[in-house]
Amino acid sequence: MSTDFDRIYLNQSKFNGRFRVADSGLGWKASTSGGSAANQAKAPFLLPATELSTIQWSRGSRGFELKINTKNSGVIQLDGFSQDDFNLIKSDFHRRFSIQVEHKEHSLRGWNWGKTDLARNEMVFALNGKPTFEIPYNHITNTNLTSKNEVGVEFNIQDENYQPAGDELVEMRFYIPGSIEYSGEDEDMLKKEDNGEDVKKEENEGDIANVAEEKSLAETFYEELKQKADISETAGDVIVSFPEVFLATPRGRYDIDMYNDFIRLRGKTYEYKLQYNQIQRIVSLPRADDIHHLIVLAVDPPLRQGQTTYPFLVLQFQKDEETEVQLNLDDKDYDENYKDKLKRQYDAKTHIVLSHVLKGLTDRRVIVPGGYKSKYEQCAVSCSYKANEGYLYPLDNAFFFLTKPTLYIPFSDVSSVNISRAGQTSTSSRTFDLEINLRLNKGSTTFGNISKEEQQLLENFLKSKNLKVKNEDKEAQQRLQTALGSDSEDEDINMGSAGEDDESVDEDFQVSSDGGDVAEEFDSDAAVSDASGSDGEDSDIGDSRPSKKAKTD
């Protein structure tokens, strides 16, 4: 006859269920009331009695917790028991499985220092012999030696079977000071301060090959944790590797190892583990310099390095670089899982090989440039985003800006596109700005310093994608013509006297035929005309003129 417990939570899940103890083993099934339909449809969790190793009883987040260390399935946590259930569980496990349930007290001081114990299935952080917290190895996805005395541990938040309630811790760092010395002959670990004299004797008595070497405790902890958590380089067989690949973001050269479920990026100082289900998009783009080719991976959730996140990984290759690789798969595995996705052997350009392998392992299509071509027959235009120079790629369904920062703007998120001048100076009149307004009041993104030569081509392309394009220059000219009354083309504008073209004749002005008066006025050598020889009207006029005064020195 079995023993049942209701409202028990498996592995800190959001939903409770029924826990059963029987002679054949343990079982848990989600409750039929409440929770999602997908959660209720899940198969019950079963653990055979032969898998049980040790069992601990302690305080938990929802009451009391039963922690089961298994032989091959890691740590199982069952939370939600009451204090009165302890005696029943203890006697039941002893009667059915001959296993003692250990009552474990946790340290509640809140101190952030202590000792670590890398047990069979979990890492235990303890203070004065009492555990402060435990981290199961199957929750650890990656670890890095971030500095000489610091180790960073990253937690797996992509496990579909692990759905905790509330916020989730993504990274923890341990500061481990000190160093150790070990002999090159037997590599026995001895503490420096405790065994300094013995080491000196070995150095004096042994030969050069047996000289003690110094190693930080942080490095020792890092290497042991990688082995325990099964995240070292030997975890599974590598399907294919690409050595010394240059990444523009995060910057550096990394060896790319592709496994069945994840990618490992191994750099000189840092390593990343990337699950295939984190890769949302694969974009393959030629760089505008006609020398390099880029492969961009959009990652969600992004990779982390401390407080820095990397939502995009930018891989750069030589355009004509070629590689020849063969998949590290046996015939049976290849025929069953990869025959329709991957080729057995590749001999082509490196960026083509890598993009094809990524497509096969992630089941994501590779996005390539669309129909846009610039004046210089390129698929991108040079521009700037804030203070950063880069290239804007108008794809078939999105804008893509490279390289720093990498921006991806789908056309479905664009409300309108505004084309405007960058300014009114002679220099800026050769360029224009492209302002992209987003839907749902998400603001706008402006790309500046785009050559005027690309304006018409870019405007026509965006209109062909059914985007709402506004041109401020054209609209300003139309407003100016409207203000000047250019709508009535048949009527002339009244411009006053400035619009009179016909010359009016001055009847009072007469020019003599010989031009004598004009010659006398402008030519000092012209002969003076005789007043008596002119008619009476001219004589009267000449007499009425006042005589000029002689110039005196």
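Residues numbered from 1 in each chain as written. Predicted model: local features only at pLDDT ≥ 70, side-chain atom pairs only at ≥ 80, totals over all residues. Heavy atoms only, no water.

Colleague: Would you take a moment to explain the overall build of the chain for this structure?
Modeller: Across its full length, the chain holds 10 helices and 35 strands. Going through the 553 residues of the chain one by one, you find that 40% of them count as buried. The long-range share in the chain, meaning contacts at least 24 apart out of those at least 6 apart in sequence, stands at 46%. Put simply, the chain shows about 33,900 Å² of open surface, and 45% of that area lies on carbon and sulfur atoms. (Helix = DSSP H or I, 4+ residues; strand = E, 2+ residues; numbered from the N terminus. Buried < 20%, exposed > 50% of the residue type's maximum accessible area, 1.4 Å probe, protein only. Contact = heavy atoms within 4.5 Å. Areas by Shrake-Rupley, 256 points an atom, 1.4 Å probe, with all protein chains shown as cover.)

Colleague: Even after reading the chapter, I still don't get the pairing of strand β13 (residues 150-155), so can you show me in this structure?
Modeller: For β13, the buried fraction is high: five of the six residues fall into the buried class. By the bridge criterion, six bridges tie strand β12 (residues 140-147) to β13 in an arrangement that is antiparallel. Its bridge partner lying in β13, I140 is registered against F155. Hairpin connection from β12 to β13: two residues lie between these consecutive antiparallel strands. Direction of pairing for β13 relative to strand β14 (residues 171-175): antiparallel, over a ladder of five bridges. What sits directly across from E150, in β14, is Y175. (Pairing = 2+ DSSP bridges.)

Colleague: Explain the sheet that holds β14 to me, please; I cannot follow it from the model alone.
Modeller: The pairing of strands in a sheet happens through backbone hydrogen bonds and is either parallel or antiparallel. The strand order across the open sheet built from three strands is β12-β13-β14, with neighbouring strands paired in antiparallel fashion. In this open sheet, the two edge strands, each paired with only one partner strand, are β12 and β14. Mean inter-strand twist for the sheet, computed between neighbouring axes without regard to direction, equals 20°. On top of the sheet, helix α4 (residues 217-228) reaches β12, β13 and β14; it is set at about 165° to β12, its chief contact. (Axes fitted to C-alpha atoms, helices over the stretch in contact; angles between N-to-C directions.)

Colleague: Would you explain unusual backbone geometry in this entry?
Modeller: As a rule of thumb, non-glycine residues mostly have phi less than zero, and peptide bonds are mostly trans rather than cis. With an omega of 10°, the peptide bond between L402 and T403 qualifies as cis. With respect to the secondary-structure elements, T403 resides in the loop between β30 (398-402) and β31 (407-410). In this structure, the amide linkage connecting K404 to the following residue, P405, adopts the cis form with an omega of -10°. As for its position among the elements, P405 is in the loop between β30 and β31. A positive phi angle, close to 60°, is found at D363, a residue other than glycine. As for its position among the elements, D363 is in the loop between α6 (350-362) and β27 (366-367). The phi torsion at E377 lies on the positive side, around 60°, for a residue other than glycine.

Colleague: Can you help me understand the pattern of salt bridges in this one?
Modeller: Opposite charge on two side chains lets them pair, provided their charged atoms get close. Throughout the structure, instances matching the rule amount to 21 salt bridges. Ionic pairing is found between R266 and D255, a salt bridge with its closest N-O pair at 3.9 Å. Here D255 lies in strand β19 (residues 252-258) and R266 lies in strand β20 (residues 262-266), a separation of 11 residues in the sequence. K465 serves as the salt-bridge partner of D396, at 3.5 Å between the closest nitrogen and oxygen. Here D396, found in the loop between β29 (388-394) and β30, pairs with K465, found in the loop between α7 (455-464) and β35 (469-471); they are 69 residues apart in sequence, far enough to count as distant. On the basis of relative accessible area, D396 is assigned to the partly exposed category, the value being 41%. Each of D23, D92, R95 and R96 takes part in one network of salt bridges that share partners. (Salt bridge = Lys/Arg side-chain N within 4 Å of Asp/Glu carboxyl O.)

Colleague: Just to check I follow, could you spell out the sheet that holds strand β24 (residues 308-318) for this structure?
Modeller: As summarised here, the arrangement of the eight strands in space is β21-β20-β19-β18-β24-β23-β22-β27, forming an open sheet in which the pairing is mixed. Looking at the sheet topology across the chains shown, the edges are occupied by β21 (271-275) and β27. Where strand β22 (residues 279-286) lies against β27, two bridges are found, and the strand directions are parallel. Bridge pairing in β27 links V283 to I367.

Colleague: Would you mind going over α4 with me for this structure?
Modeller: Since the α-helix packs 3.6 residues into each turn, any two residues three or four apart lie on the same face. For α4, spanning 12 residues, the distance from its first C-alpha to its last is 16 Å, which sits close to the expected 16 Å at 1.5 Å a residue. Regarding α4, the residues found buried are A218, T220, F221, Y222, L225 and K226. Count one or two residues on from α4 and you reach D230, which has phi positive near 60°. (Expected span 1.5 Å × (residues − 1).)

Colleague: Is there a simple way to think about α7 in this case?
Modeller: Taken as a whole, α7 has its buried residues at Q455, L458, E459, F461 and L462. The buried residues of α7 occupy one face: seen down the axis, they fall within an arc of 165°. Looking one or two places after α7, you find N466, whose phi comes out positive at around 65°. (Arc of directions from axis to C-beta.)

Colleague: What am I meant to see in the pairing of β20 here?
Modeller: Looking along a regular strand, one sees side chains alternate from face to face of the sheet. The element β20 is extensively covered by neighbouring structure, given that five of its five residues are classed as buried. Side chains F262, R264 and R266 of β20 all project onto a buried face; the interleaved residues I263 and L265 project onto the opposite face, where all are buried too. Between β19 and β20, which pair antiparallel in sequence order, lie three residues. Two strands pair when backbone bridges link them, and β20 and β21 are joined in this way by five bridges, in the antiparallel orientation.

Colleague: When you look at the side chain of S284 in this model, what are you seeing that I'm missing?
Modeller: Considering the arrangement of structural elements, one finds S284 in strand β22. Only 2.7 Å separates the side chain of S284 from the side chain of H293, close enough to count as a polar contact. Other than its neighbours up to four places away in sequence, S284 contacts H293, L294, I295, V366, I367, V368 and P369. (Polar contact = N/O pair within 3.5 Å; in protein donor to acceptor, adjacent residues only side chain to side chain.)

Colleague: It is not clear to me how the nonpolar core should be interpreted in this structure. Could you clarify?
Modeller: Taken as a class, soluble globular proteins show a tendency for nonpolar side chains to be buried jointly. Among the nonpolar cores identified, the biggest contains 36 residues, and M258, I263, L265, L297, L313 and L315 are the most heavily contacted of them. If you tally residues by element for this core, the top one is α6, at five residues. The residues touching L315, leaving out its near neighbours within four places in the chain, are V245, F246, L247, I256, H293, L294, I295, L297 and L354. Grouped together as the second largest cluster of nonpolar side chains are 24 residues, L10, W57, I68 and I89 included. (Core = buried A, V, L, I, M, F, W, Y, C linked by side-chain atoms within 4.5 Å.)

Colleague: Even after reading the chapter, I still don't get the environment of I239, so can you show me in this structure?
Modeller: Structurally, I239 is set in the loop between α4 and β18 (240-249). Here I239 is in contact with M258, Y259, N260, Q326, L327, N328, L329, Y338 and L361, once residues within four sequence places are set aside.

Colleague: For this particular structure, what's the right way to read the packing of aromatic side chains?
Modeller: One pair of aromatic rings is described through two measures. These are the centre distance and the angle between the planes. Summed over all chains, the structure comprises 21 aromatic pairs. A connected cluster of aromatic rings, assembled from ring pairs, spans F5, F19, W57, F64, F81 and F86. Cation over ring: R59 sits above F64, and NZ or CZ is 5.0 Å from the ring centre. When the ring centre of F262 is taken as origin, the NZ or CZ atom of K273, which lies over that ring, is 4.5 Å away. (Phe/Tyr/Trp six-rings, centres within 6.5 Å; stacked < 30°, edge-to-face > 60°. Lys NZ or Arg CZ within 6 Å of the ring centre and 35° of its normal.)

Any link to function would need more than the numbers given here.
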